[in-house]
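# Fold and geometry: a report
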Amino acid sequence: MIFKGLETSVTGMAAQRIRIDISSSNLANVNSTRAENGQPYRRKVPVFQAVLDKESGVYQVRVAKVVPDPSPFKMRYDPKHPDAGPDGYVRLPNVDPLREMVDMMSAIRTYEANLTAFNTHKDMLIKSLELIKV
């Protein structure tokens, strides 16, 4: 099938969009000391998987799952904070804004690379059709 490369690029772009959304969510919750479960927000990490579509024979990139980052929470001494423990320390999310920005930039670059591959493949298909017409 001549469109296999296009399908692969599209699934790669979709996976990177999810990665960008997750990094955005992590950044938005960088100061969330209390989530629904009463704990500080825990950074989320996407897990990618290459899946062979048996029908088309094309490998597709998918986000298999989104898992919480098990790294420890940050601690800050602030006894006046409403979420401070008896020792005066507040547990903060395990989100590092710099790391999230680097992850987001990497996801954007990977998205752009998939878009370039998609457009190159599309242009080659168009040129091939033009050659067949002549």
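None of these values were measured; they are calculated from a predicted model. Counting from 1, residues in each chain are numbered in the order their sequence is written. Only residues with pLDDT of at least 70 get local features here, since the model is predicted, and only at 80 or more are side-chain atom pairs given and counted; chain-wide, interface and lining totals rely on the full set of residues. Hydrogens and waters are ignored; side-chain quantities use all the structure's heavy atoms.

Side-chain rings of Phe, Tyr and Trp (the six-membered ring for Trp) are treated as a pair once their centres are within 6.5 Å; stacked means planes under 30 degrees apart, edge-to-face means over 60, and tilted covers the remaining angles. One pass over the structure, following the stated rule, counts 1 aromatic pair. Between tyrosine 77 and tyrosine 89 the ring centres are 5.2 Å apart and the planes differ by 65°, which places this aromatic pair in the edge-to-face class. In this pair, tyrosine 77 sits in strand E3 (residues 74–77) while tyrosine 89 sits in strand E4 (residues 89–92), placing the two residues 12 residues apart along the sequence. Residue tyrosine 89 is classed as partly exposed on the basis of its relative accessible area of 37%. Directly above the ring of phenylalanine 73 sits arginine 42, whose terminal nitrogen or CZ lies 4.2 Å from the centroid. In DSSP terms, a helix is any run of H or I states spanning at least four residues, a strand is any run of E spanning at least two, and both are numbered starting from the N terminus. Note on exposure labels: buried denotes an accessible area under 20% of the residue type's maximum, exposed denotes more than 50%, and partly exposed covers the range between, all computed with a 1.4 Å probe on protein chains only. Note on geometry: a ring has a charge over it if NZ (lysine) or CZ (arginine) is within 6 Å of the ring centre and within 35 degrees of the ring normal.

Moving on, we get to helix H1 (residues 4–28). Here H1 spans 36 Å end to end across 25 residues, near enough to the 36 Å set by a 1.5 Å rise per residue. Turning to H1, its buried residues number three or more, namely Leu6, Ser9, Thr11, Gly12, Met13, Ala15, Gln16, Arg19, Ile20, Ile22, Ser23 and Asn26. Next to the buried residues of H1 lie strand E1 (44–53), strand E2 (58–68) and helix H2 (97–133). How far a helix is expected to stretch is found by multiplying one less than its residue total by 1.5 Å. Should any heavy atoms of two residues lie within 4.5 Å, those residues are counted as being in contact.

By themselves, these figures tell us nothing about what the structure is for.
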